[in-house]
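Observations on the model geometry
Take a look at the letters that make up each chain.
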Amino acid sequence: MRRPSATLHVPSPVLGACVMAGVERDTRGCTLTDRERFNFYPASPMASISWIFEGALHLMEDDGGAGGASTLTGLGPALPRLILAGPHTRPTASWSPGSVHALMVGIYPEAMARLLGRPVAAWLNRTVPLADVAPPALLDACNAVFGAPDAPFAKLETTLRALWNLPAQGSPIPYLGDWVRGLATRATHSGAGCSLRQWQRRIRAWTGQSQRDLEVFVRIEEAFVRRIAAGPAPNLAMIAAASGYADQSHMGRDIKRVTGVAPARFGERMAADESFWYYRLIADAIAQQG
């Protein structure tokens, strides 16, 4: 019996300023328990568009708790086949009643705003049918991906190129830290005036979140990269200090805020829990890059 597959797609430089990465999940032909058909994702400053090619996915509802304290409360209705998710300040989860083949593509929030013609703050912590919010050109480009289920990310790159005309950029693995530092530089040199308040307003207008919010994601990413590099016996206190935290407890609070899981359990679940496949995929990509 085949195992579920997960593939990380890194965009070509032509779309490097638009698409951060794509993640494709395929459980067709696999035998999974109800528990193994969950999919857990971290909070993220990225917006995303998702395609469900086969099967069904239900978004897990939560109570909206703050500070990583939100609790999953039940199963929502089946999602439409093409959806938009805004940036999320808390982790999310979905569940499939059977086999599923789906693609989720993370798009930089300022790029999503250009594609939609509206700031992404309107969709902060929201998931909606793309057909309800996308202009015709973007909707047509995304619907065309359904015609290439065997190579959906390649098809998306082809259709998006006609809508995107900013300079090319790219890297083997895009990092949030690079993006946030680039945002800060652009905010400093964009428009008239460069006071701290104006700078902060630009960041929030482009991303829907404050610079302080974004720095949480940067520190967590740095800690995650250092944790992967440390191998099976990491010194968490040293990782916390090197990642910009006051202490290990501070890092632990941010880990729970972003993942919904206490640090004591996160490593165990990433290693052995099928529903934490997304984290393993990213960890493997980081490890391979060295």
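In short, a report on the structure.

Calculation criteria
The residue numbering used here restarts from 1 in each chain and proceeds along that chain's sequence as written. Per-residue local features are limited, in this predicted model, to residues with pLDDT of at least 70; the limit for side-chain atom pairs, both in listing and counting, is 80 or more; totals at the level of whole chains, interfaces and linings are taken over all residues. To get the side-chain values, all heavy atoms of the structure are used, and hydrogens and water are removed first. Burial classes: relative accessible area under 20% of the type maximum marks a residue as buried, over 50% as exposed, and values in between as partly exposed (1.4 Å probe, protein chains only). Here a strand is any run of E in DSSP of at least two residues, a helix any run of H or I of at least four, and the numbering for each starts at the N terminus. At least two DSSP bridges between two strands are needed for those strands to be called paired. Two aromatic rings, drawn from Phe, Tyr or Trp (for Trp, its six-membered ring), form a pair once their centres lie within 6.5 Å of each other, and the interplanar angle then sorts them: stacked below 30 degrees, edge-to-face above 60, tilted otherwise. To obtain an axis, a line is fitted to C-alpha atoms, over the contacting stretch when the element is a helix, and the angle between two such axes runs from 0 to 180 degrees between their N-to-C directions. Residues count as neighbours in contact if any of their non-hydrogen atoms are within 4.5 Å of one another. Side-chain atoms within 4.5 Å link the members of a nonpolar core, which is a set of buried Ala, Val, Leu, Ile, Met, Phe, Trp, Tyr and Cys residues.

A look at the pairing of strand β2 (residues 19-26)
Put simply, side chains in a regular strand alternate between the two faces of the sheet. Among the eight residues that make up β2, eight are buried, leaving the element largely enclosed by the rest of the structure. Summarising the sheet, strand β1 (residues 5-9) and β2 pair through five bridges and their orientation is antiparallel. Counterpart to L8 in the pairing with β2 is V23. As judged from the seven bridges shared by β2 and strand β9 (residues 101-107), these two strands associate in the antiparallel manner. Paired with R25 across the strands is A102, a residue of β9.

Let's talk about the packing of aromatic side chains
Per the stated rule, a full pass over the model turns up 13 aromatic pairs. Where Y41 meets Y278, the ring centres are 5.5 Å apart and the plane angle is 70 degrees; that geometry is what we call edge-to-face. Separated by 237 residues along the polypeptide, Y41 in strand β3 (residues 38-41) and Y278 in helix α10 (residues 277-289) bring together distant segments of the chain. Neither residue differs from the other here; Y41 and Y278 are each classed as buried. Judged by centre distance (6.2 Å) and plane angle (80 degrees), the rings of W277 and Y278 are edge-to-face. Judged by relative accessible area, W277 falls into the buried class, the value being 4%. Members of the aromatic cluster, each reached through a chain of ring pairs, are F38, F40, Y41, W95, F224, F266, F276, W277, Y278 and Y279.

Side note on the sheet that holds β1
Within a beta sheet, neighbouring strands are joined by backbone hydrogen bonds and run either parallel or antiparallel to one another. With respect to topology, six strands assemble into an open sheet ordered β1-β2-β9-β4-β7-β10, the strand pairing being antiparallel. Here the strands that pair on one side only, and so sit at the sheet edges, are β1 and β10 (127-129). Taking the axes of each pair of neighbouring strands and ignoring which way they run, one obtains an average angle of 20 degrees across the sheet. Each of β1, β2, β4 (47-54) and β9 touches helix α3 (residues 152-161); the most contacted strand, β2, lies at about 150 degrees to it.

A look at unusual backbone geometry
Leaving glycine out, the prevailing phi sign among residues is negative, and the prevailing peptide bond configuration is trans. Residues other than glycine seldom take positive phi values, yet N125 does so here, at roughly 60 degrees. Within the secondary structure layout, N125 lies in the loop between α1 (109-116) and β10.

Observations concerning the nonpolar core
Of all hydrophobic cores here, the largest spans 56 residues; its most connected members are I49, W51 and I107. When neighbours within four sequence positions are excluded, W51 is seen to be in contact with R81, L82, H101, A102, L103, V105, C142, V145, F146 and L156. Of all hydrophobic cores here, the second largest spans 13 residues; its members include M60, F224, V261 and I286.

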